[in-house]
Amino acid sequence: MTLSPYDARTLAIRAGRTHNDTALAPVLWASSTFVANSFDQAKQFAADITEPKFYGRNSNPTVVDFENAMAELEGAEASRAFASGMGAVSAVVLGLCSAGDHIVAQSHIYSHTTLLLQAVCPRFGIDVSFVDGADTGAFEAAVIPGKTTLVLAETPANPKLALVDLEALGAIKGPMTVVDSTLATPIMQRPLDYGVDLVLHSATKAIAGHNDAILGVVSGSEELMSWLRGFAVLHGAVASPFDALNGLRGIRTLPIRVQQQCATATRLAEALQQHRAVRSVHYPGLESHPQYQLAQRQLDLSGGLVTFDLRGGLQAAITCINRLRLIQRATSLGGPETLVTHPASTTHAALLPEELAAADINGGTLRISCGLEHADDLLSDLTQALAPCI
Ligand SMILES: *Cc1c(COP(=O)(O)O)cnc(C)c1O
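1. As for the overall build of the protein
For step 1, the next point in the chain: When you go through the protein residue by residue, the secondary structure sums to 14 helices and 12 strands.
For step 2, the next point in the chain: Here the protein has a C-alpha radius of gyration of 21 Å; the compact-globule value for 390 residues is 21 Å, and the two agree.
For step 3, the next point in the chain: Overall, the protein is about 75 × 50 × 35 Å in size when its C-alpha atoms are taken along their principal axes.
For step 4, the next point in the chain: Classification of the 390 residues of the protein by burial places 55% in the buried group.
For step 5, the next point in the chain: Intrachain contacts of the protein at a sequence separation of at least 6 include 73% that bridge at least 24 residues.
For step 6, the next point in the chain: Of the accessible surface of the protein, which amounts to about 16,500 Å², a share of 54% is contributed by carbon and sulfur atoms.
For step 7, the next point in the chain: Positive and negative side-chain charges of the protein, numbering 26 and 37 respectively, have mean locations separated by a distance of 6 Å.

Here it is as structure tokens:
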């Protein structure tokens, strides 16, 4: 059943209930295997890797319901869930590229995606060129006809929230295009609407949304997804039914959570921009963002992440982080709790000084993922923490 004429807020409530019977809430099918009622049925189930009730690595009813809900939200023909966001990224890269192929990838994206492209791809004979995602046309210019099979972008991109022009990306002919849309969720943007071939998410973040699941998902055409499904069954990084259940639970409140987080992030970004301890704020909803016009065109909301640079550098960042009482020191984003990270010493600690500089990350860079606490409380916590940094 397709629900697509509905608004995303309605889809979020109703999508992904095929295997519910009369249960209202999503159902956990915690079984690794399923019983066939005859020789013929067993044979039929074995022949179809989309069959939800054959064997748990091929598929599972709870996982399929999560996949269907994501397909509805992305406006895709099909989706496939994975054991993590990196499971999804790996499946796309290793499932769709072969030795001798070339990938054009955006530089300065999620650090483990970069590491996969830099460290794993060469071992399999896959060449990777990195381009500046904010430079419209750079992806297309780096495509080698007949050799480039995949163009990989992330928008908004971690941690400085640079954007990629989805219209330009979707117009690229030849290679498959894929967008890591984790920071936007399907509520803020739908890359497939621009002609992009595949969209993927770390559903660990805002989609599951409660910091209690590790989950990934890829969506696209039935043709590409059937190829990915075939690879996924052999690769084995399949989603657990319990995490898929948490994904379905999260989807119901995704639109309203994203809306609230974006409203809070906008308030923090505006306040930080006025703060004397802060040199610059990076937020797509601020006119000072270098791609503000693109953000207005492409994003329905401006996002729950705010990144800023402190004038006092590393020392100020350490002081601020240690003084925070409500905002917690933890990696991840998109959950109910507001979190702070210091990219230079955590997610990007493996980068050389010149690589950090190229990524515009310095000792004073902090990233806040807005949760669902009251914005007033978050603002006062941030203000008291920044007081000695002026
Ligand atoms: C977290 C994240 C990933 C990786 O997801 P996991 O679920 O941690 O494997 C990939 N891309 C982006 C943009 C992320 O934020």
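2. Observations regarding the nonpolar core
For step 1, the next point in the chain: Counting residues in each nonpolar core, the largest one holds 56 residues, and the members touching the most others are F66, V281 and L310.
For step 2, the next point in the chain: The element that contributes the greatest number of residues to this core is helix α10 (residues 241-274), accounting for 10 residues.
For step 3, the next point in the chain: Summarising the domain contributions, this core has at least three residues from each of domain 1 (8-250) and domain 2 (254-389).
For step 4, the next point in the chain: Ignoring anything within four residues of it in the chain, the contact list for F66 reads A81, A203, I207, L215, G216, V217, A244, G247, L248 and I251.
For step 5, the next point in the chain: Listed in part, the 28 residues of the second largest apolar core include V89, I103, L116 and I126.

3. Describing the environment of L224
For step 1, the next point in the chain: Mapped onto the fold, L224 is located in helix α9 (residues 222-235).
For step 2, the next point in the chain: For L224, a relative accessible area of 15% gives the class buried.
For step 3, the next point in the chain: Along the sequence, L224 and G209 sit 15 residues apart, while their C-alpha atoms lie 27 Å from each other.
For step 4, the next point in the chain: If we skip the residues at most four places from it in the chain, L224 touches M176, D197 and L198.

Conventions and cut-offs
Residues numbered from 1 in each chain as written. Predicted model: local features only at pLDDT ≥ 70, side-chain atom pairs only at ≥ 80, totals over all residues. Heavy atoms only, no water. Helix = DSSP H or I, 4+ residues; strand = E, 2+ residues; numbered from the N terminus. Rg over C-alpha atoms; globule rule 2.2 N^0.38 Å. Buried < 20%, exposed > 50% of the residue type's maximum accessible area, 1.4 Å probe, protein only. Contact = heavy atoms within 4.5 Å. Areas by Shrake-Rupley, 256 points an atom, 1.4 Å probe, with all protein chains shown as cover. Lys, Arg positive; Asp, Glu negative; His and termini not counted. Charge placed at Lys NZ, Arg CZ, Asp CG, Glu CD. Core = buried A, V, L, I, M, F, W, Y, C linked by side-chain atoms within 4.5 Å. Domains from an automatic or database assignment.

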